[in-house]
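One letter stands for each residue in the lines below.
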Amino acid sequence: MFKQFLKKTKDTAISTVALPFINNAIKDYGEAKDLRIDSLNKKVEIDILLKGESEIIEVILNNYEVVKANDGNYITIGEVSVSMEWLDKLVNNIVLPQVLPEKKLRVPDEYSLLLQIL
């Protein structure tokens, strides 16, 4: 029980630190309002308000893995789902295959320390 509490506290702290990184990455498209990491279940949930929209969409990354390689650190994503149906199809049918075919995101060096505690 205490171990789960510590893991949840760690996930909350990492979410707080990682939110500005996500916002910097998507600043041309919108703003991430909330980020929830569940490292026990390897799940990330991001609430995003896209520019020009009035409703928040939820993006869920399932089965993520932290990968350390010689050329840097990466996060690989197992599955992605988006609460808006057409956007879910766009992400999974076009964006991921063309932009991230390996479903692998390089983590900037300044955030690599976070990966050690994920």
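Look up: the structure comes first, before these words.
Now for a description of the structure that goes with this document. (Residues numbered from 1 in each chain as written. Predicted model: local features only at pLDDT ≥ 70, side-chain atom pairs only at ≥ 80, totals over all residues. Heavy atoms only, no water.)

## Thoughts on the nonpolar core
Working step 1: Within the largest apolar cluster, 21 residues are counted, with the highest numbers of intra-cluster contacts made by Leu 35 and Ile 46.
Working step 2: At five residues, the largest contribution of residues to this core is made by helix α1 (residues 2-26).
Working step 3: Setting aside residues up to four positions removed in sequence, Leu 35 forms contacts with Ser 15, Ala 18, Leu 19, Ile 22, Val 44, Glu 45 and Ile 46. (Core = buried A, V, L, I, M, F, W, Y, C linked by side-chain atoms within 4.5 Å. Buried < 20%, exposed > 50% of the residue type's maximum accessible area, 1.4 Å probe, protein only. Helix = DSSP H or I, 4+ residues; strand = E, 2+ residues; numbered from the N terminus. Contact = heavy atoms within 4.5 Å.)

## Things to note about the packing of aromatic side chains
Working step 1: A full pass over the atoms with the stated rule returns zero aromatic pairs.
Working step 2: One Lys or Arg, Lys 104, reaches over the ring of Tyr 74 and ends 4.6 Å from the middle of that ring. (Phe/Tyr/Trp six-rings, centres within 6.5 Å; stacked < 30°, edge-to-face > 60°. Lys NZ or Arg CZ within 6 Å of the ring centre and 35° of its normal.)

## Description of the pairing of strand β3 (residues 57-62)
Working step 1: Taken together, the six bridges between strand β2 (residues 43-50) and β3 define a ladder with antiparallel strand orientation. Within β3, the residue paired with Lys 43 across the bridge is Asn 62.
Working step 2: Across four bridges, β3 lies against strand β6 (residues 79-82) in antiparallel orientation. Across the sheet, residue Leu 61 finds its bridge partner in β6, namely Val 80. (Pairing = 2+ DSSP bridges.)

## Some words on the pattern of salt bridges
Working step 1: For the structure shown, the criterion picks out seven salt bridges.
Working step 2: Of the charged contacts in the structure, one is a salt bridge between Glu 31 and Lys 33, with a shortest N-O distance of 3.1 Å.
Working step 3: Glu 31 sits in the partly exposed class, given a relative accessible area of 38%.
Working step 4: When its relative accessible area of 42% is taken as the criterion, Lys 33 is described as partly exposed.
Working step 5: The salt bridge involving Arg 36 is made with Glu 45; its shortest N-O contact spans 3.0 Å.
Working step 6: One network of salt bridges, in which partners are shared, links Asp 34, Arg 36, Lys 43, Glu 45, Asp 47 and Glu 58. (Salt bridge = Lys/Arg side-chain N within 4 Å of Asp/Glu carboxyl O.)

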